[in-house]
Amino acid sequence: MHESLEELKNYREQFDHDAETVDSSDTLESLRIKYLGRKGLIAQSFKKIGGLPPDVRGQFGKDLNAFKAHANERFDTLQNTVAQKSDESWIDVTMPSRKRFTGSIHPLTLVEREVRKVFTRMGFTVMRGPEIEDTWHNFDALNTPDWHPSRDPSDTLYLDNGLLLRTETSPVQIRVMETQKPPIRIIAPGRVFRNDKPDATHSPMFTQVEGLYVDEGVTFSDLKGTVLEFYRQMFGKNVRTRFRPHFFPFTEPSAEVDVSCPFCGGSGCRICKQSGWIEMGGSGMVDPNVFKSVGIDPEKYTGWAFGLGIERLAMLVYGINDIRLFYENDGRFLEQFGGRR
Ligand code: DAH
């Protein structure tokens, strides 16, 4: 037998011997490199063919191809065995399975539901309006003068067709009063939009809830009592409210509403910047001009309204310090609320 054929036979025997000793992915990989690799014995043998005497070339090629097929087949079998073995060795069937996160209710939805629950128990109805508004409902009917800075495109997002993305939920007041007669008791939650750069406390889109109560003889005391009761139900019985004089075009008089800081109880902490109070939103008695624009007689009826941000509320309820977390859809954030269902 030609020495080259002899050598090939030795390789094959050696391979079979080495294959017997494979017991891990590491030893299998060594086997592969030694025989089947780019510089392995089989590849090297193929390179030798050209230098062999013509009469052995045929036999050598045949033997080599057979060896190669044999080695590949053996390798595949060994690969399966090794894979199975390693699986078995690290799967601990007694380990409890991981809970898979299948979704939860968004914290803003949870807080909005809570707000709705409190107000519906007090006899309010939930209303909604369009997010794309006209200037009449968003500004004019709300007694907002033409020169008011909130109308500027640097504040308000206008569409090409002359409509705009509502900047507040207050236009829902107008839509309701245009179609309903007093007594009116509604809240209107929903998204609003402003030309703001996002940061920890600002977002070009956020959520508000509007409240409106119109009837004969409605007073500012009704407003104060209702708002206090609302915050008591959100933050607990000991919470206090403070009404600070302010200006809004659609209310007269107007007030900003503060709540005593739910974190320190009003003694002063980092969250309330040592003031003991947290600003929550605006409110006031519906301006007679607003009543006139919707055809309600301001001599007969009075009413109050308020507006507040749901994000601000949710941040206090859950202790969240960055408004952007609400919109990033990060499961690690979202799964902390509302449990799994
Ligand atoms: N629309 C006001 C805002 O977005 C909030 C507000 C203030 C609403 C007073 C009201 C109100 O209904 O009476 O800043």
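For clarity, every value in this text was computed on a predicted model and none was experimentally measured. (Residues numbered from 1 in each chain as written. Predicted model: local features only at pLDDT ≥ 70, side-chain atom pairs only at ≥ 80, totals over all residues. Heavy atoms only, no water.)

### Let's talk about the sheet that holds strand 9 (residues 302–309)
To keep things clear, this is the line we draw: Should DSSP find at least two bridges between two strands, the strands are taken to pair. Helix and strand definitions follow DSSP, with helices as H or I runs of at least four residues and strands as E runs of at least two, each counted in order from the N terminus. Contacts are residue-level and defined by heavy atoms, with any inter-residue pair within 4.5 Å sufficient. Working convention: axes come from line fits to C-alpha atoms, limited for helices to the stretch in contact. Angles between N-to-C directions cover 0 to 180 degrees.
Judged by pairing direction, the sheet is mixed, and its 7 strands sit side by side in the order 1-4-5-9-8-7-6 without closing on themselves. Unpaired on one side and paired on the other, strand 1 (125–126) and strand 6 (241–248) mark the two borders of the sheet. Pairing geometry for strand 6 and strand 7 (residues 251–260), over 7 bridges, is antiparallel. Looking at strand 7, one finds that Thr-241 is bridged to Val-259. On the sheet, helix 7 (residues 170–179) packs against strand 4 (184–193), strand 5 (205–215) and strand 9 and is oriented at approximately 40° with respect to strand 5. Its contacts with the sheet put helix 8 (residues 220–235) on strand 6, strand 7, strand 8 (277–286) and strand 9, and the angle it makes with strand 6 is roughly 125°.

### Things to note about the pattern of salt bridges
Pairing of side chains with opposite charge becomes possible as their charged atoms draw close. Under the convention used in this document: By definition here, a salt bridge exists when the distance from a side-chain nitrogen of Lys or Arg to a carboxyl oxygen of Asp or Glu is within 4 Å. Each residue's exposure class comes from its accessible area (1.4 Å probe, protein chains only) as a fraction of the maximum for that residue type: buried when under 20%, exposed when over 50%, partly exposed otherwise.
According to the stated counting rule, one finds 16 salt bridges in the structure shown. One salt bridge connects Arg-151 with Asp-140, and the closest N-O pair in it is separated by 2.5 Å. Here Arg-151, found in the loop between helix 6 (135–138) and strand 3 (164–165), pairs with Asp-140, found in the loop between helix 6 and strand 3; they are 11 residues apart in sequence, far enough to count as distant. Residue Arg-151 is classed as buried on the basis of its relative accessible area of 13%. Relative accessible area serves as the criterion here: at 32%, Asp-140 is assigned to the partly exposed category. One salt bridge connects Asp-146 with Arg-151, and the closest N-O pair in it is separated by 3.9 Å. A relative accessible area of 67% means that Asp-146 is categorised as exposed.

### What about the site of the ligand?
The test is simple: Summary of the distance rule: residues count as near a molecule or strand when at least one heavy atom falls within 4 Å of that molecule or strand. Here a polar contact is recorded for every N or O atom pair within 3.5 Å, except that within protein the pair must consist of a potential hydrogen donor and a potential acceptor, and residues adjacent in sequence are included only if both atoms are side-chain atoms. Each accessible area value is a Shrake-Rupley result obtained with a 1.4 Å probe; residue values ignore everything except the protein chains displayed when judging cover. All residues other than Ala, Val, Leu, Ile, Met, Phe, Trp, Tyr, Cys, Pro, Asp, Glu, Lys and Arg, Gly among them, are scored as polar; the first ten of these are nonpolar and the last four charged.
Around the ligand sit 15 residues in total, of which Glu-168, Gln-173, Arg-194, Gln-208 and Glu-210 are the nearest. Between the ligand and Gln-208 there is a distance of 2.9 Å, counted from an oxygen atom to a side-chain nitrogen or oxygen. Interatomic distance of 2.5 Å between a side-chain N/O atom of Glu-210 and an oxygen atom of the ligand. Relative to its unbound accessible area of 350 Å², the ligand is 90% covered by the protein chains. Its residues assigned to classes, the shell around the ligand comprises 4 nonpolar, 8 polar and 3 charged.

### A word on unusual backbone geometry
For the peptide bond that leads from Pro-182 to Pro-183, omega is 5°, which places it in the cis range. Tracing the chain through its elements places Pro-183 in the loop between helix 7 and strand 4. Omega for the peptide link from Glu-252 to Pro-253 comes to -5°, which places this bond in the cis form. With respect to the helices and strands, Pro-253 occurs in strand 7. Even without being a glycine, Lys-273 presents a positive backbone phi close to 50°. In this structure, Lys-273 sits in the loop between strand 7 and strand 8.

### Things to note about the layout of surface pockets
Just so we agree on the cut-off: In this analysis the probe radius is 1.4 Å and the grid spacing 1 Å, with only protein atoms considered; a cavity is a set of points the probe fits into but cannot get out of, a pocket is an open set with protein on both sides within 12 Å along at least five of seven lines, and lining residues have an atom within 4 Å of a point. Grid points are joined across faces, edges and corners, and a volume is the space filled by probe spheres set on the points.
Approximately 310 Å³ is the volume attributed to the second largest pocket. Lining the second largest pocket are 17 residues, with Leu-108, Thr-109, Glu-112, Arg-191 and Thr-207 positioned closest to its centre. Counting only elements with at least two residues in the lining of the second largest pocket, the list comes to helix 5 (107–121), strand 4 and strand 5. Residue composition of the lining of the second largest pocket, grouped by class: 5 nonpolar, 6 polar and 6 charged.

### Topic: the packing of helix 1 (residues 3–20) against helix 2 (residues 25–36)
In plain terms, the rule: Small angles under 35 degrees read as roughly parallel and large ones over 145 as roughly antiparallel, with 65 to 115 read as roughly perpendicular and the rest as oblique.
Two elements in contact, helix 1 and helix 2, have axes separated by 11 Å at closest approach and are oriented at 170°. Compared by their axis directions, helix 1 and helix 2 come out roughly antiparallel. Seen from helix 1, the contacting residues are Tyr-11, Gln-14, Phe-15, Asp-18 and Ala-19; seen from helix 2, they are Leu-31, Lys-34 and Tyr-35. Its residues assigned to classes, the contact of helix 1 with helix 2 comprises 5 nonpolar, 1 polar and 2 charged.

### Things to note about the pairing of strand 9
Burial runs high along strand 9: 7 of the 8 residues are buried. Two elements, strand 5 and strand 9, share 8 bridges in a ladder whose sense is antiparallel. Within strand 9, the residue paired with Tyr-213 across the bridge is Trp-304. Pairing of strand 8 with strand 9 involves 5 bridges; the strand directions are antiparallel. The residue bridging Met-285 from the neighbouring strand is Trp-304, located in strand 9.

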